[in-house]
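# A structural walkthrough
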Amino acid sequence: MIGYEGQWRRVKTVKAARGPMGGLAIVFTWEEGGTARFPSGDELLLGEQGAD
């Protein structure tokens, strides 16, 4: 799970992609639907499902 936009989201898949300026980006597909793209240098808040 990842903290994103003020809520915890479950990750379905993760893949690497080329960003718009040619840099590395990480693309998450959410189990709830939709995707999000992050530059490879961004910090993300990770957690385990069911943990408080």
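Structure shown above.
Residues numbered from 1 in each chain as written. Predicted model: local features only at pLDDT ≥ 70, side-chain atom pairs only at ≥ 80, totals over all residues. Heavy atoms only, no water.

## Notes on the overall build of the protein chain
Scanning the protein chain from N- to C-terminus turns up 0 helices and 6 strands. Beginning at the N terminus, the succession of helices and strands in the protein chain can be written as β-β-β-β-β-β. Seen through its principal axes, the protein chain has C-alpha atoms that stretch 35 × 20 × 15 Å. For the protein chain, buried positions account for 17% of its 52 residues. Pairs at least 24 apart in sequence give 24% of the contacts found in the protein chain among residues at least 6 apart. For the protein chain, the exposed area adds up to about 4,000 Å²; of that, 49% sits on carbon and sulfur atoms. Taking the average place of the 6 positive charges on the side chains of the protein chain and the average place of its 7 negative ones, the gap between the two points comes to 13 Å. (Helix = DSSP H or I, 4+ residues; strand = E, 2+ residues; numbered from the N terminus. Buried < 20%, exposed > 50% of the residue type's maximum accessible area, 1.4 Å probe, protein only. Contact = heavy atoms within 4.5 Å. Areas by Shrake-Rupley, 256 points an atom, 1.4 Å probe, with all protein chains shown as cover. Lys, Arg positive; Asp, Glu negative; His and termini not counted. Charge placed at Lys NZ, Arg CZ, Asp CG, Glu CD.)

## A few points about the packing of aromatic side chains
One pass over the full model with this rule turns up 2 aromatic pairs. Measuring from centroid to centroid gives 5.7 Å for Phe28 and Trp30, while their planes differ by 5°, and the two rings are stacked. Relative accessible area serves as the criterion here: at 6%, Phe28 is assigned to the buried category. Overall, the relative accessible area of 2% leaves Trp30 in the buried class. With 5.5 Å between their ring centres and 75° between their planes, Phe28 and Phe38 make a pair best called edge-to-face. Of the two residues, Phe28 sits in strand S4 (residues 24-30) while Phe38 sits in strand S5 (residues 35-39), which places them 10 residues apart along the sequence. The pair Phe28 / Phe38 is uniform in exposure class, with both members buried. A network of ring pairs unites the aromatic residues Phe28, Trp30 and Phe38 as a single cluster. (Phe/Tyr/Trp six-rings, centres within 6.5 Å; stacked < 30°, edge-to-face > 60°.)

Interpretation note: all reported values are geometric properties and have no functional meaning in isolation.
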